[in-house]
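# Descriptive analysis of the structure
Next come the chains, spelled out residue by residue.
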Amino acid sequence: MPPRALLNGGAGFIGSHIADALLALGYHVVVLDDLSTGKRGNVPAAAEFVHLDVRSPEAAALVRDGAFDVVLHQAAQIDVRRSVADPVHDASINILGALNILEAVRAAPRPPRVVFSSTGGAIYGDFVTPPNVEDFPKDPESPYGIAKLAVEHYLAYYGRVHGIEGVVLRYANVYGPRQDPHGEAGVVAIFCNRILDGQPLTVYGDGRQTRDYVHVGDVAAANAAAATAVLPAVGRLDARAMNIGTGVETDVLTLAETLRRVSGRAATIDFAPARPGEQLRSSVSVAKAGRVLGWAPARALDDGLKDTFDYFASLRS
Ligand SMILES: NC(=O)c1ccc[n+]([C@@H]2O[C@H](COP(=O)([O-])OP(=O)(O)OC[C@H]3O[C@@H](n4cnc5c(N)ncnc54)[C@H](O)[C@@H]3O)[C@@H](O)[C@H]2O)c1
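A quick note: this is a predicted structure, and the numbers were derived from the prediction, not measured.

What counts and how
- Residues numbered from 1 in each chain as written.
- Predicted model: local features only at pLDDT ≥ 70, side-chain atom pairs only at ≥ 80, totals over all residues.
- Domains from an automatic or database assignment.
- Contact = placed C-beta atoms within 7 Å.
- Nonpolar A, V, L, I, M, F, W, Y, C, P; charged D, E, K, R; others polar.
- Helix = DSSP H or I, 4+ residues; strand = E, 2+ residues; numbered from the N terminus.
- Expected span 1.5 Å × (residues − 1).
- Bend = angle between axes of the 7 residues up to and from the residue.
- Pairing = 2+ DSSP bridges.
- Axes fitted to C-alpha atoms, helices over the stretch in contact; angles between N-to-C directions.
- Buried ≥ 20, exposed ≤ 12 C-beta atoms within 10 Å, placed from the backbone.
- Right-handed = clockwise from strand over helix to strand, strands pointing away.
- Parallel < 35°, antiparallel > 145°, perpendicular 65-115°, else oblique.
- Left-handed = near helix turned anticlockwise from the far one by under 90°.

Time to look at the domain arrangement of the protein chain. Taken domain by domain, the protein chain consists of domain 1 (4-173 + 213-244) and domain 2 (180-212 + 247-283 + 300-316). Each of domain 1 and domain 2 has a C-alpha centre, and these two points are 26 Å apart. On the domain 2 side, the residues contacting the 14 residues of domain 1 number 18 residues. Residue classes in the side of domain 1 that touches domain 2 are distributed as seven nonpolar, five polar and two charged.

The end-to-end C-alpha distance of helix H4 (residues 87-107) is 29 Å, a good match for the 30 Å that 21 residues give at a rise of 1.5 Å each. Maximal helix bending in H4 amounts to about 25°, located at Leu96. Looking at the buried residues of H4, the elements they touch are strand S1 (4-8), helix H2 (57-65), strand S4 (70-73), helix H3 (80-85), strand S5 (113-119) and helix H5 (143-162).

What follows concerns the sheet that holds strand S11 (residues 241-244). Across the sheet, seven strands lie side by side as S3-S2-S1-S4-S5-S6-S11; this open sheet has parallel pairing. In this open sheet, the two strands that pair with only one neighbour each are strand S3 (48-51) and S11. The sheet shows a mean angle of 20° between the axes of neighbouring strands, direction not considered. Where S1 meets strand S2 (residues 28-33), five bridges bridge the pair, whose relative direction is parallel. Looking across to S2, one finds that Leu6 is bridged to Val30.

Counting buried residues along strand S6 (residues 166-171), six of its six residues qualify, which places the element largely inside the surrounding structure. Because side chains alternate across S6, one face comprises the buried residues Gly166, Val168 and Arg170, and the other comprises Val167, Leu169 and Tyr171, equally buried. Looking at chain direction, S5 and S6 are connected through six bridges and run parallel. Note on S6: the bridge partner recorded for Val115 is Val167. The handedness of the S5 to S6 crossover, carried by H5, is right-handed. Examined bridge by bridge, S6 and S11 share four bridges and lie parallel to one another. In the strand pairing of S11, Arg170 is matched with Asn243.

All right, on to helix H1 (residues 13-24) then. End to end, H1 covers 18 Å across 12 residues, agreeing with the expected 16 Å (1.5 Å per residue, within 8%). Within H1 the residues assigned to the buried category are Phe13, Ile14, Gly15, Ser16, His17, Ile18, Ala19 and Leu22. At the C-terminal side of H1, Gly26 shows a positive phi close to 95°.

A cis amide bond, omega 5°, links Pro130 with the succeeding residue Pro131. For Leu35, which is not a glycine, the phi torsion comes out positive at approximately 60°. Turning to its location among the elements, Leu35 is positioned in the loop between S2 and S3. Owing to 15 C-beta atoms within 10 Å, Leu35 belongs among the partly exposed residues under this scheme.

Glancing now at the environment of Ile146. Structurally, the position occupied by Ile146 is in helix H5. Once the C-alpha coordinates of Ile146 and Ile244 are considered, the two residues, 98 residues apart in sequence, prove to be 19 Å apart.

Following both chains from N to C, one finds H4 and H5 inclined at 15°, their axes separated by 9 Å at the closest point. In this view, H4 runs roughly parallel relative to H5, as classed from their interaxial angle. Considering only the axes of H4 and H5, their crossing is right-handed. In this structure, H4 uses Pro87, Asp90, Ala91, Asn94, Ile95, Ala98, Leu99, Leu102 and Arg106 to contact H5, whose residues at the interface are Pro143, Tyr144, Ala147, Lys148, Ala150, Val151, Tyr154, Tyr158 and His162. Grouping the constituent residues of the contact of H4 with H5 by class yields 13 nonpolar, two polar and three charged.

Below, the structure is given as structure tokens:
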């Protein structure tokens, strides 16, 4: 019998790449998604698809009775600005949806491992000097980050009190084919489309604000590793949390110039006033993921950006 994986949010950008990675390893993959932002066409043909909301009793029943070895929870409201505008909606999916799944995991005859997608960008806030290490203080600046941190606390609690195996992967800014312009690395999708439209690339402020851009293929590989890795002892909040990024800070001006170069297209770069409240620097240390998961990012930024640009170009042909 192949191992069974439930992939919540598997019709989305990152989830669909995780589905590919798990199928390649011989898993039976069930994708659960409400298609609110995901697309049915993103789900590989070899995966099973169920159209459900993670908040529903039907989703809970599937988790409880589905005999899964692992549940990978990617389903979320991912737009940080929307979380600011409507924190109740954000919490309903990002906290209560996750909690519905965790309670069902607890009720399963043989509780599966849970791999939870958190954020290495929004969770630490702007008060620490990058690269962020897992046990740095957390002070999220948005309801989105607060919700991710809340679920991490729940997972630590479920581990200590109920013996549930929870792994937290705190993604940096994930880019690659199928990405959404509203995600945390949305700028890559926006720049690709601007280049294809013959429009200038707009950089806010001096363009020196940095992010840690990690290719989605590397994030999928980290999830596959987390499904079976030997975990550190159960403990407090950060015990089983790992950053997934590159450890490299790339400023937005460099990103724009690199994308322009690898695309082989002409594009001008425009400057616009800095956006108030924008985080200035962000990157994450990935040493712990190396130790625990035996994982390291493999895709160089030039190569990954070329792959992403080619994807957006292919949508136009
Ligand atoms: N993209 C990034 O840079 C980034 C960075 C850090 C963390 N993350 C996290 O990674 C995960 C995946 O993000 P993504 O970028 O692939 O976004 P995405 O929007 O492409 O994927 C999210 C998926 O969840 C589904 N979904 C949303 N609400 C649902 C619900 N109530 N019930 C069932 N399915 C639901 C959507 O339809 C979609 O398919 C999210 O948890 C996100 O917070 C992403």
